[in-house]
Amino acid sequence: MNRIELTRNLFIKSALKNRHPQLAVFIVMLAGYVFAILAGLIGTPVGSHNFSIVFVWIAWWAILILVAVPFFGRGWCAVCPIPLPGEWLQRGAVLHPLDKKPKWLNLRWPRALRNIWLQNIAFLLLALFSSVLLTTPTITAIVLAAMLFTAIGLSMVFERRAFCRYLCPVGGFIGLYSQTAPLELRIKDKQTCVTCDGKPCYNGASTSLSANSGYGCPWDVFPGGLTRNTYCGLCMECLRTCPHDNIAVNLRPFSADLAKPSARLDEAFKAFIMLGSAMIYAGVLLGPWGALKDAAFYVGTSAWIIYAAVFLGIIFIILPGLFSLALFLAHRPSLKACLGRSRGVGRGTGLRTFAMFSASLIPLGLMFWVAFSLSFVLTNAAYILVSLSDPLGLGWNLFGTADVAWRPIFTSLLAPAQTLALVGGLIWSARMAQKAADESKISAIPVMAYCFAATVVMLWLLL
Amino acid sequence: MIRFISLVVLFAAGLAVAFAPLPAPSIAPQARTLRIDARQFAYSPSELKVNLGDTVTVQLVSTDVVHGLYVDGYDVSVEADPGQTATLTFVADRSGSFRFRCNVTCGAMHPFMIGKITVEKNDLLFRSVGLATLAVIGVFPLSSLLVERKDRALAK
Amino acid sequence: MKRSELVSRILITVAVIGAVGAPLFFWSQSSLMHARVAESGGWNPNIIRADVGAPLHLRLTSDDVVHGFAVGQMNMDGVDVLPGKVTDLTLTFDKPGTYTFYCTRWCGLNHWRMRGTIEVGGSNTDAEPAPAPLYVSLGLDIDAPHEAPAIPSQMPSAFRGESLIRGLAISQFINSDFYRVHSPYETFENLDQYPLGESQRWDVVAYIWQSNTTLESLANGKKLYAQNCAACHGENGAGNGVFADDLLPSPNSGGGGDEVRSMIQTPANFTDPKRILGASPALLQGKILRGGMGTGMPMWGSIFTEGQIWDLIAFIYSFQFEYQN
């Protein structure tokens, strides 16, 4: 297919291969991350004036969901500072690999947990408390610190980046949606990998052994087998280790990975979790219903328990249930007959079809998040300037922007932009559903109707 | 060819749905006074409806702490202390649905203290649903067109 | 170890220590005074020490909602204390003593509990004792019932009253010594020596009450009322402010039911003629100074100056009388 190899450009290639630029970004990110934790703990408890809330939930979130994920896939993971301290311990080095590794446990991750169910659970745990998390600096600080220390702890027990790959609540959906991104890391030639001796991209190569030294894939992926972006963290280690210059970073068409969707249930449910929580957030946080906000915010009350139950019910029962119904209808011969598209009995029923078809919800889910995030990011962007000058709420004015008045920006563009995102996502998902239906020889119409209905609900919630 | 034409027709229909002017409303504008109670973190009533051209006076009554009310799209705002009803008057001269929100920090959930005012009709919602419908229909000719092109490319 | 590795490790360490240490250092240097709603602890600190004549610098911030800061008995306009923002304030005290500072923006039912003290020490510690307020020197029982036995059939008008007093000698009523110790009803009774009908006498009472105050007093009283009283007593004085209902235990909270509810005093209704026309300014002064003793009515003695209280009282009577503008 039509791809442009970015690593053919020598400047890009050496910038990615060299460890120093990445490390420089890591250091800045880590300092910012630690500062965000501290700001949440000692800064003003007023969320809209605390660096931790403003920079995590407005600035970082905007960059992540509006830029990083749609255009760079797991680009955020490439610069995320969370694994840095743990890897320093695990590797005994921050730059080039040593010949002698420190003696940590270095266990394999348990086979039963080699999926993203833990990430699904971690995301849902945060999602159920999101109204408190999004507005309370101390809670945000505790969550940030917990993620950092869990990552450090897991680095000493398990090999590679166990936290990133199996636990990070954010990593799960970044991976899912990175399949839509127009950027990928792939091998150039399959045969080279087959004949490659020692597979240093997966096993690592220390400095004394090879001019191309680097760590074995921190994400526990063999680059030679990469077909999807989901679990490739774009850390560039394989680019550094490959002795055959067989790794490429490519520009490619959007959502290329979804042509051959995975049939994994953990990923399928991730799609429903993300689709559902975008809709629920749009209703609870941006809607005009005060009782819903109370229920979501006052954690532990009976109203909150009902809210949590409904939240989980929508995600695990209503959305997948209606989707199964759509698939059931799609298999009915009568529907295909009346459309004149009868092409024999549809094959591949059951969970496998369910999981494969749920991949067509990925573009729609991403666009739901884009539309939802646009609203609160544009509304609250002014806080970024304020917080930049006075990150702890101590009355500083570092850049002279501490007294910028709150005011939503681009309000007249917001609703049209949301419409474009949602309708665009609908076309994208409907097209995916149609491709999948053609392959399975069933009708695409019920799944397209499902996407349409979800889009209409989201439009109604946001506009 | 038919597919191509149907795509063009759908696109034209989409443009019409998105931009066609609506007939001007026939109801004469009037002056309205709406009392809105504000508490942490909700307005009551939280959904308002007025007609295009109405002169709207909002009486904001705070019932716990100091709250404000800012209307998106109109860029007007007012602030009320408990015991001191504040009024905000503006002419609803833009149709559509607008969020109004608290602009005085009033506690944790302050950024999400939101209400909705609909002036005349929520045009954009109807237009968007129309666009979504056309989009879903459009996927059929679009994908056959793409499949055809792919087949032709393969044949070469 | 290679030099680049060492440098990198040092850089990471310095960055992390810097990101923790620098803000911690500046944070420990800053001395903010925090405002929180009374339920979360009110002012922190709530006792401040200062010296006579020495400027007292305060850096105020709010941790939750909009608050305000002012020192009582100083006729001072409050400064806003905004969430996440810092307000700098410098105060200088001329006299030693214990001052009360308080929140000036309503921040909930317990707004008035948000108070603290400033202890101002100085050389002349023996400050002159404040004179006893009028209600004390009169020996008034401010909790005794004080209903007016008769009320006017229509709202008395100072304008009509003015046209009635021509040729009548009423100047003894227009001085503060008379006005402050008599209720409107007592004045109405005193007027029975004049050839006036009942409603005419009430109109003259309205005129007398208006003559004992000034437009500035009324305007100041109105401002004080809106800022401090209206949230419970209502913007129109009817005792139905936004917090009036909250002062009652809710009927389904199991807190004793109707009996308890009927015993709890609701905010006074200033539009009730029986209540207000039977109360003298001295009585109202007592109620404001001392507060409601267990009801939600705060004690204002440490907050308002005497002049402010008289202005407020003049304004409260305007719920009963039609004044000229």
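Cut-offs and rules
- Residues numbered from 1 in each chain as written.
- Chains lettered and ligands numbered in written order.
- Predicted model: local features only at pLDDT ≥ 70, side-chain atom pairs only at ≥ 80, totals over all residues.
- Heavy atoms only, no water.
- Helix = DSSP H or I, 4+ residues; strand = E, 2+ residues; numbered from the N terminus.
- Rg over C-alpha atoms; globule rule 2.2 N^0.38 Å.
- Contact = heavy atoms within 4.5 Å.
- Areas by Shrake-Rupley, 256 points an atom, 1.4 Å probe, with all protein chains shown as cover.
- Polar contact = N/O pair within 3.5 Å; in protein donor to acceptor, adjacent residues only side chain to side chain.
- Salt bridge = Lys/Arg side-chain N within 4 Å of Asp/Glu carboxyl O.
- Nonpolar A, V, L, I, M, F, W, Y, C, P; charged D, E, K, R; others polar.
- Buried < 20%, exposed > 50% of the residue type's maximum accessible area, 1.4 Å probe, protein only.
- Pairing = 2+ DSSP bridges.
- Buried area = accessible area lost by both parts, 1.4 Å probe.
- Domains from an automatic or database assignment.
- Patch = residues over 30% accessible without salt bridge, like charges linked within 9 Å, V, L, I, M, F, W, Y side chains within 5 Å.
- 1 Å grid on protein atoms, 1.4 Å probe; cavity = no way out; pocket = protein on both sides within 12 Å on 5 of 7 lines; lining within 4 Å.
- Points joined across faces, edges and corners; volume = space filled by probe spheres on them.
- Axes fitted to C-alpha atoms, helices over the stretch in contact; angles between N-to-C directions.
- Core = buried A, V, L, I, M, F, W, Y, C linked by side-chain atoms within 4.5 Å.
- Phe/Tyr/Trp six-rings, centres within 6.5 Å; stacked < 30°, edge-to-face > 60°.
- Lys NZ or Arg CZ within 6 Å of the ring centre and 35° of its normal.

## Some words on the overall build of chain B
Then, in step 1: Summing up its helical and strand segments, chain B has two helices and nine strands in all.
Then, in step 2: Along its sequence from the N terminus, chain B presents helices and strands in the succession α-β-β-β-β-β-β-β-β-β-α.
Then, in step 3: In terms of overall dimensions, chain B is more spread out than a globule: its C-alpha atoms have a radius of gyration of 23 Å, far above the 15 Å expected for 156 residues.
Then, in step 4: Projected onto the principal axes, the alpha-carbon positions of chain B cover approximately 80 × 40 × 20 Å.
Then, in step 5: If you take every contact in chain B between residues at least 6 apart in sequence, the share linking residues at least 24 apart comes to 65%.
Then, in step 6: Total accessible area computed for chain B in this model is approximately 7400 Å², and 63% of it derives from carbon and sulfur atoms.

## Concerning the side chain of Q308(C)
Residue and element names in this part refer to chain C.
Then, in step 1: Within the secondary structure, Q308 sits in helix α12 (residues 306–317).
Then, in step 2: Of the polar contacts made by the side chain of Q308, one reaches the backbone nitrogen of T305; its length is 2.9 Å.
Then, in step 3: Excluding residues that lie within four positions of it along the chain, Q308 makes contacts with N75, N220, L224 and I303.

## Let's talk about the interface of chain C and chain A
Then, in step 1: Listed per partner, the contact involves 26 residues of chain C and 29 residues of chain A.
Then, in step 2: Taken together, the connections running from chain C to chain A amount to one salt bridge.
Then, in step 3: Broken down by secondary-structure element, the contributors of at least two residues to the side of chain C that touches chain A are α1 (3–29) and β4 (56–62) of chain C.
Then, in step 4: If you tally residues by element for the side of chain C that touches chain A, the top one is α1(C), at 15 residues.
Then, in step 5: Looking at the side of chain C that touches chain A residue by residue, the class counts come to 13 nonpolar, six polar and seven charged.

## A short note on the pattern of salt bridges
Residues and elements named next belong to chain A.
Then, in step 1: Overall, the coordinates contain 38 salt bridges over all chains when judged by the stated rule.
Then, in step 2: Between E87 and R161 there is a salt bridge whose closest N-O contact spans 2.7 Å. Of this pair, E87 sits in helix α5 (residues 83–91) while R161 sits in the loop between α8 (137–157) and α9 (162–167), placing them 74 residues apart in sequence.
Then, in step 3: Its relative accessible area of 5% is what places E87 among the buried residues.

## Considering the pairing of strand β1 (residues 31–39) of chain B
Residues and elements named next belong to chain B.
Then, in step 1: In this sheet, strand β4 (residues 55–62) lies alongside β1 in parallel orientation, the contact comprising eight bridges. Pairing of L34 across the sheet is with V58, part of β4.
Then, in step 2: As paired elements, β1 and strand β2 (residues 42–44) share three bridges and run antiparallel to each other. Directly across from R39, in β2, lies its bridge partner A42.

## Focus on the interface of chain A and chain B
Then, in step 1: Each side of the interface is counted separately: chain A has 44 residues, and chain B has 39 residues.
Then, in step 2: Both sides of the chain A and chain B interface together cover about 3500 Å² of buried area, and 69% of this is carbon and sulfur.
Then, in step 3: Our enumeration of links across chain A and chain B arrives at two salt bridges.
Then, in step 4: R407(A) is the salt-bridge partner of D75(B), the closest N and O atoms lying 2.5 Å from each other.
Then, in step 5: Along the contact surface separating chain A from chain B lie ten residue pairs in polar contact (both at pLDDT 80 or more).
Then, in step 6: Every element with two or more residues in the side of chain A that touches chain B is listed here: α7 (130–135), α14 (265–286), α15 (290–297), α19 (362–380), α21 (411–440) and α22 (445–462) of chain A.
Then, in step 7: At eleven residues, α21(A) tops the list of elements feeding residues into the side of chain A that touches chain B.

## Observations concerning the domain arrangement of chain C
All names here are of chain C.
Then, in step 1: Assigned domains within chain C: domain 1 (33–121) and domain 2 (131–325).
Then, in step 2: On a C-alpha basis, the centroid separation for the pair domain 1 and domain 2 is 30 Å.
Then, in step 3: Taken together, the contact between domain 1 and domain 2 spans twelve residues of the former and 18 residues of the latter.
Then, in step 4: Here domain 1 meets domain 2 over a buried area of about 1400 Å², counting both sides, of which 57% is carbon and sulfur.
Then, in step 5: Its largest share of buried area at the contact with domain 2, domain 1 owes to Q73, W106 and L109, together 44% of the area lost on that side.
Then, in step 6: Counting every contact that joins domain 1 to domain 2 gives one salt bridge.
Then, in step 7: A salt bridge links K223 to D77; the shortest N-O distance between them is 3.5 Å.
Then, in step 8: Taken together, the links from domain 1 to domain 2 amount to six residue pairs in polar contact (both at pLDDT 80 or more).

## Points about a nonpolar patch on the surface
All names here are of chain A.
Then, in step 1: Residues W117, L312, F316, I317, I318, L322, L325, F328 and L329 make up a contiguous nonpolar surface patch of roughly 810 Å² in combined accessible area.
Then, in step 2: Looking at which element gives the most residues to the nonpolar patch, the answer is helix α16 (residues 302–331), with eight residues.
Then, in step 3: Assignment of secondary structure puts L329 in helix α16.
Then, in step 4: A residue is classified by how much of its surface remains accessible, and L329, at 37% relative accessible area, is partly exposed.

## Things to note about empty space enclosed by the protein
Residues and elements named next belong to chain A.
Then, in step 1: Summed over the entire model, instances satisfying the criterion amount to ten cavities of 30 Å³ or more.
Then, in step 2: Of the voids in this model, the largest cavity is the one considered here, and its volume is about 160 Å³.
Then, in step 3: Around the largest cavity, the lining comprises 15 residues; the ones closest to its centre are R19, Q22, F26, R91 and V94.
Then, in step 4: Among the secondary structure elements, those contributing two or more residues to the lining of the largest cavity are α2 (19–42), α5 and α13 (237–241).
Then, in step 5: Tallied by class, residues from the lining of the largest cavity come to eight nonpolar, one polar and six charged.
Then, in step 6: Here the second largest cavity is characterised by a volume of approximately 110 Å³.
Then, in step 7: Lining the second largest cavity are 15 residues; nearest its centre among them are L185, C217, C232, C235 and C238.
Then, in step 8: A per-class count over the lining of the second largest cavity returns 13 nonpolar, one polar and one charged.

## Comments concerning the sheet that holds strand β7 (residues 86–91) of chain B
All names here are of chain B.
Then, in step 1: Read from one edge to the other, the open sheet built from four strands follows the order β2-β1-β4-β7, with strand pairing classed as mixed. Where the open sheet ends on each side, the last strands, each with one partner, are β2 and β7. For this sheet the average axis-to-axis angle between neighbouring strands, irrespective of direction, equals 30°.

## Re the nonpolar core
Then, in step 1: Core analysis: the biggest nonpolar cluster contains 266 residues, and L64(A), F173(A), W369(A), L69(B), F69(C), L91(C) and I118(C) have the highest contact counts within it.
Then, in step 2: For this core, the element with the most residues is α14(A), which contributes 15 residues.
Then, in step 3: In contact with I118(C), not counting residues within four places along its chain, are I48(C), A50(C), L56(C), V71(C), L91(C), F93(C), G97(C), T98(C), Y99(C) and F101(C).

## With respect to the sheet that holds strand β8 (residues 96–101) of chain B
By definition, the strands of a sheet pair up through backbone hydrogen bonds, in either a parallel or an antiparallel sense.
Residues and elements named next belong to chain B.
Then, in step 1: With respect to topology, five strands assemble into an open sheet ordered β3-β9-β8-β5-β6, the strand pairing being mixed. Two strands close off the open sheet at either side, each with one partner strand: β3 (47–50) and β6 (76–80). Direction aside, the axes of adjacent strands within the sheet are offset by 20° on average.
Then, in step 2: Here strand β5 (residues 67–71) runs beside β6; their pairing, made up of five bridges, is antiparallel. Paired with G68 across the two strands is E79, which belongs to β6.

## Description of the packing of aromatic side chains
For any pair of aromatic rings, the description consists of the separation of the ring centres together with the inter-plane angle of the planes.
Then, in step 1: Taken as a whole and assessed by the stated rule, the structure comprises 56 aromatic pairs over all chains.
Then, in step 2: Geometrically, the ring pair formed by F297(A) and Y298(A) is edge-to-face, given 5.0 Å between the ring centres and 80° between the ring planes.
Then, in step 3: The class for F297(A) is buried, based on a relative accessible area of 14%.
Then, in step 4: Y298(A) gets classed as partly exposed once you look at its relative accessible area, which sits at 37%.
Then, in step 5: Ring geometry for Y74(B) against F90(B): centres 5.1 Å apart, planes inclined by 55°, an arrangement best described as tilted. Of this pair, Y74(B) sits in the loop between β5 and β6 while F90(B) sits in strand β7; the two residues are 16 residues apart in sequence, bridging distant segments of the chain.
Then, in step 6: Residue Y74(B) is classed as buried on the basis of its relative accessible area of 13%.
Then, in step 7: Judged by its relative accessible area of 7%, F90(B) falls in the buried class.
Then, in step 8: Positioned over the ring face of W300(C) is R115(C), at 5.4 Å from the centre of the ring.
Then, in step 9: The lysine or arginine in question, R201(C), covers the ring of F188(C), its NZ or CZ lying 4.1 Å from the ring centre.

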